[in-house]
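Summary of structural features
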Amino acid sequence: MTVGSGSFAGTGTYGGAIDSSNSIQESGTYTGVAFKPQTTDSRFTLGLGTESSSSSVAESEISYGFRVHSDARLYIVESGSVKVYAGTYQADDELAVYVNSAGSVEYLQNGISQWNSTVAVTYPLYVNLYTVNTDAKATDIEYVSTSSVGKNNPSSASLFWRCAYKNNISTGSFTATSTYGGAIAVRSIEQNGTYSGVSFKPQTTANRFTLGLGAEDGSGAVAEADISYGFRVHSDARLYIVESGSVKVYGGSYEAGDELVVYVNSEGSVEYLQNGISQWNNTVAVTYPLYVNLYTVNSDAKATDIQHVSATTVSKSNPSNASVFWKCAYKTNTSTGSFTATSTY
């Protein structure tokens, strides 16, 4: 799934996204969401639901939504059940799901009402997305108010996705394009589990990010202080070992393409490697589970080959092939094996 400011494009089957940076509140600024599907042969459901970020989105969690189907079919669905077959749609039709002035959820297609829901609204609501097909795509995803739901008078409040849930990632990577982003991986690091850490390769020496292991599992955005054990890749090719936001060791310099590893070694302590050479051993007892956490500061920060490792596969010549796939990417674009930050925090 690639998500950006006011858009998404599917890259694998059964994905989803959430925007919890804004909520739909009773008497609030926004009352719903408008969007424009860009194809007529792929399926997704977009609308309003109660899911705010804690888990991936299922269609049943979207309380009020348009299901854009293949063969240009359009359905109104509520909590996973079809309420109305709304006929057909065309690419670039504007679809809107919003709470109208009467307090009921109304569904519009190009400014024409298709249905009024009879289900009482429970606040807060969030913009939720569920995708089925690989090439599903929509643009102009914007918050609307009661007075700005028509096609000729859209809201200017572009939507920023908070979490983008994926199913398929082949080669782990990320590219930041703006300041203060982050991401969280799905797999957990458990005591005596399959994986014991993460390896990655920074691709620039002029931008800052921190990548390592932390307790953040997807319930909130990542701050550097949430990363219990990590390498801070700094500008000017400086390398630091940081734990919970505090610098523990200045690791000297690094080059683009260096392999950096943060993992729990066979003695049970967290060890930091640069190109297979140990840089430091942590003395703090490990608390499980841990997750691969990422915090980016600079635009254009980039890393590739982000992979889970085990205690026996941490050297550069023998990397793990268990590529990290991201569960949540906060205000970022995510795609197969990558993410791109698009906004702050």
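**Details of the overall build of the chain**
For the chain, the count of helices and strands is zero helices and 31 strands. Within the chain, buried positions represent 58% of all 345 residues. Counting only contacts in the chain whose residues sit at least 6 apart along the sequence, the fraction spanning at least 24 positions is 68%. Summed over its atoms, the accessible surface of the chain is roughly 13000 Å², and 42% of this surface lies on carbon and sulfur atoms.

**Thoughts on the nonpolar core**
Phe 35, Phe 44, Leu 46, Leu 48, Tyr 64, Phe 66 and Val 97 are the most contacted members of the largest nonpolar core, which has 28 residues in total. Excluding its chain neighbours within four sequence positions, the residues that come into contact with Phe 66 are Phe 35, Phe 44, Thr 45, Leu 46, Leu 74, Tyr 75, Ile 76, Leu 95, Ala 96, Val 97, Tyr 107 and Leu 108. Ranked by size, the runner-up nonpolar core spans 27 residues in total, among them Ala 237, Tyr 272, Val 286 and Val 292.

**Description of unusual backbone geometry**
With an omega dihedral of -5°, the bond running from Tyr 123 to Pro 124 counts as a cis peptide bond. As for its placement among the helices and strands, Pro 124 is situated in the loop between strand 11 (112–116) and strand 12 (125–131). For the bond from Tyr 288 to Pro 289, the omega torsion is -5°, close enough to zero to count as cis. Structurally, Pro 289 is set in the loop between strand 25 (277–281) and strand 26 (290–296). You will see that Asp 92, though not glycine, has its phi angle at about 85°, which is positive. The backbone of Asn 110 shows a phi angle near 50°, a positive value even though the residue is not glycine.

**Quick notes on the pattern of salt bridges**
A complete count under the given rule lists six salt bridges for this structure. Here Asp 71 ties to Arg 73 by a salt bridge, and the two come within 3.9 Å at their closest N and O atoms. Asp 71 gets classed as exposed once you look at its relative accessible area, which sits at 59%. Overall, Arg 73 belongs to the partly exposed group, its relative accessible area being 25%. Where salt bridges share partners, they join Arg 43, Glu 59 and Arg 67 into one cluster.

**Examining the packing of aromatic side chains**
Scanning all chains against the criterion turns up nine aromatic pairs. By way of ring pairs, the aromatic residues Phe 66, Tyr 107 and Trp 115 are connected into one cluster. Geometry around Tyr 75 places Arg 67 over its ring, the cationic atom sitting 5.8 Å from the centre.

**A few points about the pairing of strand 26**
Among the seven residues of strand 26, seven are classified as buried, and the element is accordingly described as predominantly covered. Where strand 19 (residues 209–214) meets strand 26, six bridges bridge the pair, whose relative direction is antiparallel. For Phe 209, the partnering residue across the bridge sits in strand 26 and is Thr 296.

**Thoughts on the pairing of strand 11**
Where strand 10 (residues 105–109) and strand 11 come together, four bridges link them in antiparallel fashion. Across the sheet, the residue bridging to Glu 106 is Asn 116, located in strand 11. In this antiparallel pair of consecutive strands, strand 10 and strand 11, the connection spans two residues, and Asn 110 shows a positive phi of 50°.

**A closer look at the environment of His 69**
Tracing the sequence through the fold places His 69 in the loop between strand 6 (62–68) and strand 7 (73–78). Accessibility expressed as a relative area gives 13% for His 69, which makes it buried. In this structure, His 69 is in contact with Thr 40, Ser 42, Arg 43, Tyr 75 and Tyr 89, ignoring residues within four places of it in sequence.

**Description of the confidence of the model for the chain**
Confidence along the chain averages 77 in pLDDT terms, with 68% of residues attaining 70 or more. When the criterion is pLDDT under 50, residues 165–171 qualifies, and its contacts beyond four places in sequence or with other chains add up to 39 contacts. Between residues 331–345, whose pLDDT stays under 50, and residues either more than four places distant or in other chains, the model counts 79 contacts.

**Looking at the environment of Val 132**
With respect to the secondary-structure elements, Val 132 resides in the loop between strand 12 and strand 13 (137–144). Residue Val 132 is classed as buried on the basis of its relative accessible area, which comes to 11%. As for Val 132 and Ser 42, which are separated by 90 residues in sequence, their C-alpha atoms are 7.6 Å apart.

Conventions we followed
- Residues numbered from 1 in each chain as written.
- Predicted model: local features only at pLDDT ≥ 70, side-chain atom pairs only at ≥ 80, totals over all residues.
- Heavy atoms only, no water.
- Helix = DSSP H or I, 4+ residues; strand = E, 2+ residues; numbered from the N terminus.
- Buried < 20%, exposed > 50% of the residue type's maximum accessible area, 1.4 Å probe, protein only.
- Contact = heavy atoms within 4.5 Å.
- Areas by Shrake-Rupley, 256 points an atom, 1.4 Å probe, with all protein chains shown as cover.
- Core = buried A, V, L, I, M, F, W, Y, C linked by side-chain atoms within 4.5 Å.
- Salt bridge = Lys/Arg side-chain N within 4 Å of Asp/Glu carboxyl O.
- Phe/Tyr/Trp six-rings, centres within 6.5 Å; stacked < 30°, edge-to-face > 60°.
- Lys NZ or Arg CZ within 6 Å of the ring centre and 35° of its normal.
- Pairing = 2+ DSSP bridges.
- pLDDT = per-residue confidence, 0-100.

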